[in-house]
Number of protein chains: 2
Amino acid sequence: MTSTEHGARPAVRPTRQRLAVAAALAGFDDFRSAQEIHDLISRQGDSVGLATVYRTLAALADAGEVDMLRNEDGEAIWRSCSDTHHHHLVCRTCGATVEVEGPAVERWTNAIASEHGFAEISHTLEIFGTCPACR
Amino acid sequence: MTSTEHGARPAVRPTRQRLAVAAALAGFDDFRSAQEIHDLISRQGDSVGLATVYRTLAALADAGEVDMLRNEDGEAIWRSCSDTHHHHLVCRTCGATVEVEGPAVERWTNAIASEHGFAEISHTLEIFGTCPACR
DNA sequence: GATCGGTTTGACAACGGTTCTCAACTACCG
DNA sequence: CGGTAGTTGAGAACCGTTGTCAAACCGATC
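Cut-off values and rules
- Position numbers for residues start from 1 in each chain and track the written sequence from start to end.
- By the order in which they are written, chains take letters starting at A while ligands take numbers starting at 1.
- A pLDDT threshold of at least 70 governs which residues receive local features in this predicted model, and a stricter bar of 80 or more applies before side-chain atom pairs are shown or counted, although totals over entire chains, interfaces and linings include all residues.
- For the side-chain quantities, the full set of heavy atoms in the structure was used; hydrogens and water were omitted.
- Salt bridges are defined as contacts in which a side-chain nitrogen from Lys or Arg sits within 4 Å of a carboxyl oxygen from Asp or Glu.
- Helix and strand assignments come from DSSP, with helices taken as H or I runs of at least 4 residues and strands as E runs of at least 2, each series counted from the N terminus.
- Buried residues are those whose accessible area, probed at 1.4 Å on protein chains only, stays under 20% of the maximum for their type, while exposed residues exceed 50% and partly exposed ones sit between those limits.
- Only Phe, Tyr and Trp rings are paired, with Trp represented by its six-membered ring, and only when their centres lie within 6.5 Å; those with planes under 30 degrees apart are stacked, over 60 edge-to-face, the remainder tilted.
- By the criterion adopted, a ring carries a charge over it if an Arg CZ or a Lys NZ lies within 6 Å of its centre and within 35 degrees of its normal.
- Fitted lines through C-alpha atoms give the axes, limited to the stretch in contact for helices. The angle between two N-to-C directions lies from 0 to 180 degrees.
- Any angle that falls under 35 degrees is termed roughly parallel, while one over 145 is termed roughly antiparallel, one within 65 to 115 roughly perpendicular, and all others oblique.
- Two residues form a contact once any of their heavy atoms are found within 4.5 Å.
- Gly counts as polar in this scheme, as do all residues outside two lists: the nonpolar Ala, Val, Leu, Ile, Met, Phe, Trp, Tyr, Cys and Pro, and the charged Asp, Glu, Lys and Arg.

**Digging into the pattern of salt bridges**
Residue and element names in this part refer to chain B.
For step 1, the next point in the chain: If you walk through the whole model with that rule in mind, you get 7 salt bridges over all chains.
For step 2, the next point in the chain: For Glu72, the salt bridge identified is with Arg92, shortest N-O distance 3.6 Å. Linking Glu72 in the loop between strand E2 (66-70) and strand E3 (76-80) with Arg92 in the loop between strand E4 (87-91) and strand E5 (97-100), this pair joins segments that are 20 residues apart in sequence.
For step 3, the next point in the chain: Looking at Arg92, the relative accessible area reads 36%, which means it is partly exposed.
For step 4, the next point in the chain: Between Arg79 and Glu99 there is a salt bridge, with the nearest N and O atoms lying 3.1 Å from each other. Taken together, the positions of Arg79 in strand E3 and Glu99 in strand E5 put the pair 20 residues apart, joining distant regions of the chain.
For step 5, the next point in the chain: The partly exposed category is assigned to Glu99, whose relative accessible area is 31%.

**Observations concerning the packing of aromatic side chains**
For step 1, the next point in the chain: Using the criterion set out here, one finds 0 aromatic pairs over all chains in the structure.
For step 2, the next point in the chain: One Lys or Arg, Arg32(A), reaches over the ring of Phe28(A) and ends 4.5 Å from the middle of that ring.

**Topic: the packing of helix H1 (residues 16-26) of chain A against helix H2 (residues 34-43) of chain A**
All names here are of chain A.
For step 1, the next point in the chain: Two elements in contact, H1 and H2, have axes separated by 10 Å at closest approach and are oriented at 105°. Taken together, the axes of H1 and H2 lie roughly perpendicular to each other. Contacts between H1 and H2 involve Ala20, Val21, Ala24 and Leu25 from the first element and Ile37, Leu40 and Ile41 from the second.
For step 2, the next point in the chain: In terms of residue class, the contact of H1 with H2 is made up of 7 nonpolar, no polar and no charged.

Structure follows, in C-alpha coordinates:
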(Lines give C-alpha, C1' and ligand atoms only; values in the text may rest on other atoms or scores of the structure.)
Protein backbone atom coordinates (compact mmCIF):
# COMPACT_ATOMS: atom_id res chain seq x y z
CA MET A 1 0.00 0.00 0.00
CA THR A 2 2.96 2.27 0.41
CA SER A 3 3.67 1.78 -3.24
CA THR A 4 2.27 5.15 -4.20
CA GLU A 5 4.56 7.37 -2.24
CA HIS A 6 3.67 9.28 0.89
CA GLY A 7 0.05 8.66 0.15
CA ALA A 8 -3.22 9.04 2.03
CA ARG A 9 -4.13 9.65 -1.58
CA PRO A 10 -7.34 7.76 -2.42
CA ALA A 11 -5.89 6.58 -5.70
CA VAL A 12 -8.43 7.85 -8.18
CA ARG A 13 -8.87 5.39 -10.97
CA PRO A 14 -9.39 6.48 -14.53
CA THR A 15 -12.47 4.39 -15.06
CA ARG A 16 -14.62 4.38 -18.15
CA GLN A 17 -17.26 6.39 -16.30
CA ARG A 18 -14.93 9.08 -15.10
CA LEU A 19 -13.44 9.42 -18.54
CA ALA A 20 -16.91 9.78 -19.99
CA VAL A 21 -17.75 12.59 -17.60
CA ALA A 22 -14.47 14.32 -18.36
CA ALA A 23 -15.10 13.94 -22.10
CA ALA A 24 -18.57 15.38 -21.75
CA LEU A 25 -17.22 18.34 -19.81
CA ALA A 26 -14.72 18.99 -22.56
CA GLY A 27 -17.56 19.16 -25.05
CA PHE A 28 -19.13 22.43 -23.94
CA ASP A 29 -18.00 25.64 -22.35
CA ASP A 30 -21.07 26.95 -20.61
CA PHE A 31 -22.64 25.82 -17.38
CA ARG A 32 -24.77 22.65 -17.40
CA SER A 33 -26.71 20.82 -14.75
CA ALA A 34 -25.67 17.34 -13.66
CA GLN A 35 -28.69 15.86 -15.37
CA GLU A 36 -27.92 17.61 -18.64
CA ILE A 37 -24.40 16.23 -18.46
CA HIS A 38 -25.82 12.82 -17.75
CA ASP A 39 -28.10 13.04 -20.79
CA LEU A 40 -25.22 14.22 -22.90
CA ILE A 41 -23.19 11.17 -21.97
CA SER A 42 -26.06 8.83 -22.80
CA ARG A 43 -26.55 10.54 -26.13
CA GLN A 44 -22.91 9.90 -26.91
CA GLY A 45 -23.55 6.19 -26.51
CA ASP A 46 -21.92 5.78 -23.15
CA SER A 47 -23.93 4.73 -20.14
CA VAL A 48 -23.09 6.12 -16.73
CA GLY A 49 -25.34 6.10 -13.70
CA LEU A 50 -26.68 9.41 -12.52
CA ALA A 51 -25.27 8.90 -9.04
CA THR A 52 -21.86 8.35 -10.56
CA VAL A 53 -22.12 11.56 -12.53
CA TYR A 54 -22.89 13.42 -9.32
CA ARG A 55 -20.06 11.73 -7.47
CA THR A 56 -17.60 12.45 -10.24
CA LEU A 57 -18.61 16.07 -10.60
CA ALA A 58 -18.33 16.57 -6.87
CA ALA A 59 -14.88 15.00 -6.89
CA LEU A 60 -13.76 17.14 -9.80
CA ALA A 61 -15.06 20.25 -8.09
CA ASP A 62 -13.20 19.23 -4.96
CA ALA A 63 -10.06 18.84 -6.96
CA GLY A 64 -10.62 22.26 -8.46
CA GLU A 65 -11.02 20.97 -11.98
CA VAL A 66 -14.57 22.13 -12.49
CA ASP A 67 -16.55 25.11 -11.32
CA MET A 68 -19.85 24.55 -9.62
CA LEU A 69 -22.28 27.30 -9.01
CA ARG A 70 -26.01 27.61 -8.55
CA ASN A 71 -28.51 29.07 -10.94
CA GLU A 72 -31.42 31.12 -9.72
CA ASP A 73 -33.41 28.01 -8.89
CA GLY A 74 -30.69 26.75 -6.60
CA GLU A 75 -29.75 24.00 -8.99
CA ALA A 76 -26.08 23.10 -9.20
CA ILE A 77 -24.51 23.79 -12.58
CA TRP A 78 -21.02 22.85 -13.72
CA ARG A 79 -18.30 23.47 -16.25
CA SER A 80 -14.64 22.72 -16.55
CA CYS A 81 -12.42 25.64 -15.68
CA SER A 82 -8.94 26.88 -15.53
CA ASP A 83 -7.36 26.15 -12.19
CA THR A 84 -7.10 29.65 -10.87
CA HIS A 85 -9.74 31.25 -8.75
CA HIS A 86 -12.01 33.40 -10.86
CA HIS A 87 -15.57 34.53 -11.41
CA HIS A 88 -18.00 34.50 -14.29
CA LEU A 89 -19.68 36.91 -16.59
CA VAL A 90 -22.71 35.04 -17.85
CA CYS A 91 -25.15 35.98 -20.59
CA ARG A 92 -28.62 35.55 -19.19
CA THR A 93 -30.01 34.91 -22.66
CA CYS A 94 -27.66 32.43 -24.28
CA GLY A 95 -25.54 31.31 -21.34
CA ALA A 96 -22.25 32.35 -22.90
CA THR A 97 -19.62 32.63 -20.23
CA VAL A 98 -16.47 34.64 -19.73
CA GLU A 99 -14.08 33.85 -16.93
CA VAL A 100 -12.85 36.95 -15.19
CA GLU A 101 -10.31 37.49 -12.47
CA GLY A 102 -10.33 40.23 -9.91
CA PRO A 103 -7.47 40.34 -7.46
CA ALA A 104 -9.00 43.54 -6.14
CA VAL A 105 -12.23 41.75 -5.32
CA GLU A 106 -10.43 38.93 -3.58
CA ARG A 107 -8.58 41.42 -1.47
CA TRP A 108 -11.74 43.34 -0.74
CA THR A 109 -13.74 40.33 0.42
CA ASN A 110 -10.95 39.15 2.68
CA ALA A 111 -10.57 42.58 4.16
CA ILE A 112 -14.29 42.97 4.81
CA ALA A 113 -14.51 39.53 6.34
CA SER A 114 -11.61 39.84 8.73
CA GLU A 115 -12.74 43.32 9.62
CA HIS A 116 -15.85 41.65 11.03
CA GLY A 117 -13.95 38.78 12.56
CA PHE A 118 -15.21 36.14 10.14
CA ALA A 119 -12.98 33.16 9.38
CA GLU A 120 -12.88 30.44 6.75
CA ILE A 121 -14.06 32.82 4.10
CA SER A 122 -15.50 31.84 0.80
CA HIS A 123 -17.42 33.98 -1.59
CA THR A 124 -19.52 33.88 -4.70
CA LEU A 125 -19.55 36.57 -7.31
CA GLU A 126 -21.28 36.22 -10.62
CA ILE A 127 -22.12 38.89 -13.11
CA PHE A 128 -25.15 38.51 -15.33
CA GLY A 129 -25.87 40.54 -18.41
CA THR A 130 -26.71 40.42 -22.09
CA CYS A 131 -23.81 39.59 -24.37
CA PRO A 132 -23.06 41.51 -27.57
CA ALA A 133 -24.45 38.74 -29.77
CA CYS A 134 -27.79 38.67 -27.97
CA ARG A 135 -28.55 42.34 -28.14
CA MET B 1 -62.61 39.81 -14.32
CA THR B 2 -61.78 43.06 -16.03
CA SER B 3 -63.12 44.98 -13.09
CA THR B 4 -59.86 46.49 -11.94
CA GLU B 5 -58.68 47.13 -15.45
CA HIS B 6 -55.88 49.58 -15.87
CA GLY B 7 -54.38 48.60 -12.55
CA ALA B 8 -53.55 45.00 -13.29
CA ARG B 9 -52.93 45.27 -9.58
CA PRO B 10 -53.62 41.94 -7.84
CA ALA B 11 -55.11 43.72 -4.85
CA VAL B 12 -53.00 42.33 -2.03
CA ARG B 13 -55.05 41.88 1.09
CA PRO B 14 -53.59 42.39 4.55
CA THR B 15 -54.66 39.03 5.86
CA ARG B 16 -53.79 37.62 9.26
CA GLN B 17 -51.31 35.27 7.58
CA ARG B 18 -49.45 37.95 5.68
CA LEU B 19 -49.24 40.09 8.76
CA ALA B 20 -47.83 37.17 10.70
CA VAL B 21 -45.10 36.65 8.13
CA ALA B 22 -44.26 40.34 8.13
CA ALA B 23 -44.14 40.34 11.92
CA ALA B 24 -41.86 37.33 11.93
CA LEU B 25 -39.54 39.01 9.45
CA ALA B 26 -39.35 42.04 11.67
CA GLY B 27 -38.24 39.84 14.53
CA PHE B 28 -34.79 38.93 13.29
CA ASP B 29 -32.11 40.47 11.15
CA ASP B 30 -30.23 37.54 9.74
CA PHE B 31 -31.13 35.21 6.93
CA ARG B 32 -33.59 32.42 7.69
CA SER B 33 -35.03 29.64 5.61
CA ALA B 34 -38.73 29.58 4.86
CA GLN B 35 -39.18 26.66 7.20
CA GLU B 36 -37.43 28.43 10.05
CA ILE B 37 -39.72 31.39 9.54
CA HIS B 38 -42.66 29.04 9.53
CA ASP B 39 -41.55 27.50 12.81
CA LEU B 40 -41.01 30.92 14.27
CA ILE B 41 -44.58 31.91 13.48
CA SER B 42 -45.97 28.75 15.04
CA ARG B 43 -43.89 29.31 18.13
CA GLN B 44 -45.44 32.76 18.42
CA GLY B 45 -48.85 31.15 18.62
CA ASP B 46 -49.99 31.96 15.13
CA SER B 47 -50.70 29.24 12.65
CA VAL B 48 -49.88 29.78 9.00
CA GLY B 49 -49.53 27.08 6.39
CA LEU B 50 -46.09 26.44 5.01
CA ALA B 51 -47.30 27.00 1.47
CA THR B 52 -48.61 30.39 2.47
CA VAL B 53 -45.28 31.31 4.00
CA TYR B 54 -43.59 30.44 0.73
CA ARG B 55 -46.14 32.38 -1.28
CA THR B 56 -45.87 35.42 0.94
CA LEU B 57 -42.10 35.44 0.96
CA ALA B 58 -42.02 35.17 -2.80
CA ALA B 59 -44.44 38.06 -3.11
CA LEU B 60 -42.43 40.21 -0.71
CA ALA B 61 -39.24 39.44 -2.59
CA ASP B 62 -40.99 40.39 -5.81
CA ALA B 63 -42.00 43.67 -4.26
CA GLY B 64 -38.42 44.25 -3.17
CA GLU B 65 -39.25 44.19 0.50
CA VAL B 66 -37.13 41.21 1.39
CA ASP B 67 -33.84 39.83 0.17
CA MET B 68 -33.73 36.26 -0.94
CA LEU B 69 -30.50 34.50 -1.57
CA ARG B 70 -29.27 30.96 -1.52
CA ASN B 71 -26.96 29.39 0.98
CA GLU B 72 -24.25 27.00 -0.11
CA ASP B 73 -26.71 24.12 -0.25
CA GLY B 74 -28.94 25.95 -2.68
CA GLU B 75 -31.59 26.55 -0.06
CA ALA B 76 -33.46 29.85 -0.23
CA ILE B 77 -32.94 32.12 2.75
CA TRP B 78 -34.69 35.40 3.48
CA ARG B 79 -34.60 38.58 5.48
CA SER B 80 -36.15 41.99 5.30
CA CYS B 81 -33.74 44.48 3.83
CA SER B 82 -32.86 48.06 3.47
CA ASP B 83 -33.60 49.37 0.03
CA THR B 84 -30.11 50.26 -1.03
CA HIS B 85 -28.01 47.94 -3.09
CA HIS B 86 -25.66 45.97 -0.90
CA HIS B 87 -24.11 42.59 -0.31
CA HIS B 88 -23.95 40.19 2.58
CA LEU B 89 -21.43 38.64 4.84
CA VAL B 90 -23.18 35.55 6.17
CA CYS B 91 -22.16 33.12 8.91
CA ARG B 92 -22.59 29.66 7.52
CA THR B 93 -23.16 28.24 10.99
CA CYS B 94 -25.62 30.59 12.68
CA GLY B 95 -26.77 32.74 9.80
CA ALA B 96 -25.67 36.02 11.33
CA THR B 97 -25.52 38.65 8.65
CA VAL B 98 -23.68 41.86 8.02
CA GLU B 99 -24.72 44.11 5.18
CA VAL B 100 -21.72 45.47 3.37
CA GLU B 101 -21.35 47.96 0.60
CA GLY B 102 -18.56 48.06 -1.90
CA PRO B 103 -18.48 50.92 -4.33
CA ALA B 104 -15.22 49.49 -5.62
CA VAL B 105 -16.91 46.22 -6.44
CA GLU B 106 -19.78 47.93 -8.22
CA ARG B 107 -17.32 49.85 -10.31
CA TRP B 108 -15.28 46.78 -11.02
CA THR B 109 -18.22 44.67 -12.21
CA ASN B 110 -19.45 47.43 -14.50
CA ALA B 111 -16.00 47.90 -15.95
CA ILE B 112 -15.51 44.21 -16.59
CA ALA B 113 -18.93 43.86 -18.15
CA SER B 114 -18.67 46.75 -20.56
CA GLU B 115 -15.17 45.69 -21.42
CA HIS B 116 -16.73 42.50 -22.78
CA GLY B 117 -19.65 44.31 -24.38
CA PHE B 118 -22.26 43.03 -21.93
CA ALA B 119 -25.31 45.18 -21.21
CA GLU B 120 -28.04 45.23 -18.57
CA ILE B 121 -25.66 44.15 -15.90
CA SER B 122 -26.64 42.70 -12.59
CA HIS B 123 -24.48 40.82 -10.18
CA THR B 124 -24.56 38.71 -7.07
CA LEU B 125 -21.86 38.76 -4.43
CA GLU B 126 -22.13 37.01 -1.13
CA ILE B 127 -19.42 36.24 1.35
CA PHE B 128 -19.70 33.20 3.59
CA GLY B 129 -17.63 32.50 6.64
CA THR B 130 -17.69 31.61 10.31
CA CYS B 131 -18.53 34.49 12.62
CA PRO B 132 -16.58 35.25 15.80
CA ALA B 133 -19.30 33.80 18.03
CA CYS B 134 -19.35 30.46 16.21
CA ARG B 135 -15.66 29.71 16.29
C1' DG C 1 -4.04 -16.84 -15.75
C1' DA C 2 -6.21 -17.13 -11.07
C1' DT C 3 -6.87 -14.84 -6.78
C1' DC C 4 -7.75 -11.22 -3.56
C1' DG C 5 -8.84 -6.62 -1.29
C1' DG C 6 -10.18 -2.38 -1.76
C1' DT C 7 -12.50 0.89 -5.05
C1' DT C 8 -16.20 2.03 -7.90
C1' DT C 9 -20.55 1.48 -9.83
C1' DG C 10 -25.66 1.53 -10.62
C1' DA C 11 -30.46 0.68 -9.62
C1' DC C 12 -33.35 2.25 -6.50
C1' DA C 13 -34.98 4.11 -2.21
C1' DA C 14 -34.97 7.92 0.62
C1' DC C 15 -34.72 12.74 1.54
C1' DG C 16 -35.68 17.63 1.84
C1' DG C 17 -37.02 21.81 -0.03
C1' DT C 18 -40.39 23.76 -2.90
C1' DT C 19 -44.53 23.96 -5.67
C1' DC C 20 -49.09 22.35 -7.02
C1' DT C 21 -53.99 21.15 -6.24
C1' DC C 22 -58.38 22.18 -4.99
C1' DA C 23 -62.08 22.58 -1.85
C1' DA C 24 -63.07 25.56 1.96
C1' DC C 25 -62.70 30.12 3.53
C1' DT C 26 -62.54 35.19 3.80
C1' DA C 27 -62.15 40.09 2.71
C1' DC C 28 -64.24 43.51 0.31
C1' DC C 29 -67.80 45.76 -2.57
C1' DG C 30 -72.29 46.95 -3.24
C1' DC D 1 -76.44 40.20 3.78
C1' DG D 2 -74.80 38.06 -0.83
C1' DG D 3 -71.86 37.62 -4.52
C1' DT D 4 -67.29 37.14 -6.03
C1' DA D 5 -62.61 36.96 -6.57
C1' DG D 6 -58.51 36.61 -3.90
C1' DT D 7 -56.47 33.56 -0.26
C1' DT D 8 -55.55 29.68 2.51
C1' DG D 9 -54.06 24.96 4.16
C1' DA D 10 -53.41 19.96 4.09
C1' DG D 11 -51.43 16.95 1.65
C1' DA D 12 -49.75 15.11 -2.63
C1' DA D 13 -46.61 15.77 -6.17
C1' DC D 14 -42.26 17.19 -7.86
C1' DC D 15 -37.45 17.21 -8.56
C1' DG D 16 -32.68 17.63 -7.63
C1' DT D 17 -29.64 15.32 -4.82
C1' DT D 18 -27.69 11.89 -1.65
C1' DG D 19 -27.60 7.38 0.64
C1' DT D 20 -27.63 2.20 0.34
C1' DC D 21 -25.54 -1.99 -0.69
C1' DA D 22 -24.65 -5.93 -3.44
C1' DA D 23 -22.33 -6.75 -7.69
C1' DA D 24 -18.65 -5.47 -10.92
C1' DC D 25 -14.18 -3.91 -11.57
C1' DC D 26 -9.19 -2.68 -11.21
C1' DG D 27 -4.63 -3.56 -10.37
C1' DA D 28 -1.25 -5.81 -7.83
C1' DT D 29 0.19 -10.29 -6.36
C1' DC D 30 0.60 -15.37 -6.35
